[in-house]
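Okay, here's what each chain looks like letter by letter:
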Amino acid sequence: MGRLEGQVAIITGGARGIGAGVCKVFCEEGATVALWDVLDGKATAEEIRATGGKIFFQKVDVTNKEEIQKAVDYIKEQHGRIDILINNAGIIRDRSFTKMSDDEWNAVINVNLNGLYHVTKAVVPQMKEAGYGRIVSASSINALLGAFGQTNYAATKAAIIGFTKSLAREVGKNGVTVNAVAPGFIKTAMTDSMPETVIKAGIQQIPVRRIGTPEDIAYAYLYLASKEAGFVNGELLNVNGGIIS
Ligand SMILES: NC(=O)c1ccc[n+]([C@@H]2O[C@H](COP(=O)([O-])OP(=O)(O)OC[C@H]3O[C@@H](n4cnc5c(N)ncnc54)[C@H](O)[C@@H]3O)[C@@H](O)[C@H]2O)c1
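Residues numbered from 1 in each chain as written. Predicted model: local features only at pLDDT ≥ 70, side-chain atom pairs only at ≥ 80, totals over all residues.

**Examining the overall build of the chain**
Of regular secondary structure, the chain possesses nine helices and seven strands. Its C-alpha atoms give the chain a radius of gyration of 17 Å, near enough to 18 Å, the size a compact globule of 245 residues would have. Projected onto its principal axes, the C-alpha positions of the chain cover 50 × 35 × 35 Å. Residue pairs in contact within the chain that sit at least 24 positions apart in sequence constitute 71% of those at least 6 positions apart. (Helix = DSSP H or I, 4+ residues; strand = E, 2+ residues; numbered from the N terminus. Rg over C-alpha atoms; globule rule 2.2 N^0.38 Å. Contact = placed C-beta atoms within 7 Å.)

Here it is, written out as structure tokens:
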């Protein structure tokens, strides 16, 4: 029996990259997964369904409160519960600080931080009522290290750590745990656009000498989303091959 058998999970930004890896692993573990994305996630969902996964795609922009509420209402109606929320959706708009436009700053704050706020806000009441929930959000190694051109992105990913630790203190008594994962250098569309030489140099800085995969991160989410992690709350789990801990 899978570790998430009988449970219902929302995974934001699940159409590709790390999110798609999380959808796949959670389905393998028996969860019913609601894949949320602004992109069309039908193909990802179809692929996972073909291997026996219980997954459905909902076109949800995490910055749109109405879309979020409709999607949550549908899940409650169809499945009666939401056990797990993975706040994975995120964007980058990299630019050195002096050149960064207000639009680039605001877009990243809006999706990475306000989006996480709206989605979590819509899901927490039902988790509290049920007396059980697992919320895990995507921070980043760059929240801790900083990165050239990422003042906007790093600010949101650091904010997610404070958000996580604070909400954990509020809802722990209701059986709801709140944690975050800080991925390191992971092979996805976000990193595919980087020049080969930059990637090679990056790998030399990683003690395990390889780039991470979406599955590396998905298994960290799986642990924090499991019943067995019930005493882990307000934690940031670094998954970066050993660059920092
Ligand atoms: N790839 C890495 O090396 C890395 C490192 C650290 C942290 N992260 C974080 O992990 C998460 C996933 O990253 P990834 O590399 O898989 O990125 P990705 O760009 O491949 O996937 C992100 C997904 O989020 C979706 N998304 C963007 N805006 C959205 C919105 N408004 N509403 C709903 N969905 C939206 C995108 O459409 C996409 O499917 C992000 O939060 C990212 O910041 C990634």
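**As for the site of the ligand**
Looking at the ligand, there are 30 residues lining it, with Gly13, Gly17, Ile18, Gly90 and Thr188 nearest. Breaking the shell around the ligand down by element, the ones donating at least two residues are α1 (17–28), β2 (32–37), α4 (102–130) and α7 (189–192). When the residues that make up the shell around the ligand are grouped by side-chain class, the tally is 16 nonpolar, 11 polar and three charged. (Near = placed C-beta within 6 Å. Nonpolar A, V, L, I, M, F, W, Y, C, P; charged D, E, K, R; others polar.)

**Examining the sheet that holds strand β7 (residues 236–239)**
If you walk across this open sheet you meet the seven strands as β3-β2-β1-β4-β5-β6-β7, and the pairing is parallel. The open sheet is flanked by β3 (54–59) and β7, the only strands paired with a single partner. On average, adjacent strands in this sheet sit at an angle of 20° to one another, irrespective of strand direction. In terms of strand pairing, strand β5 (residues 133–138) meets strand β6 (residues 176–183) through six bridges, oriented parallel. Pairing of Val136 across the sheet is with Asn179, part of β6. Across the sheet, α4 touches β1 (8–12), β4 (84–87), β5 and β6, and the angle it forms with β4 is around 165°. (Pairing = 2+ DSSP bridges. Axes fitted to C-alpha atoms, helices over the stretch in contact; angles between N-to-C directions.)

**Digging into helix α6 (residues 151–171)**
If you check α6, its first and last C-alpha atoms are 30 Å apart, about what 21 residues at 1.5 Å a residue would give, namely 30 Å. Those residues of α6 not exposed but buried are Asn152, Tyr153, Ala154, Thr156, Lys157, Ile160, Phe163 and Thr164. As for α6, its buried residues are in contact with α4, β5, α5 (141–145) and β6. (Expected span 1.5 Å × (residues − 1). Buried ≥ 20, exposed ≤ 12 C-beta atoms within 10 Å, placed from the backbone.)

**Description of the environment of Ala71**
For Ala71, the position within the fold is in helix α3 (residues 65–79). With 11 residues separating them along the chain, Ala71 and Val60 place their C-alpha atoms 7.3 Å apart. In contact with Ala71, other than residues within four places in its own chain, are Ala34, Trp36, Gln58 and Val60.

**Describing the pairing of β6**
Within a regular strand, side chains alternate between the sheet's two faces. The buried fraction of β6 is high, at eight of eight residues. On β6, burial covers both faces: Val176, Val178, Ala180 and Ala182 on one face and Thr177, Asn179, Val181 and Pro183 on the other are all buried. In this sheet, β7 lies alongside β6 in parallel orientation, the contact comprising four bridges. Of the residues in β7, the one forming a bridge with Ala182 is Asn238.

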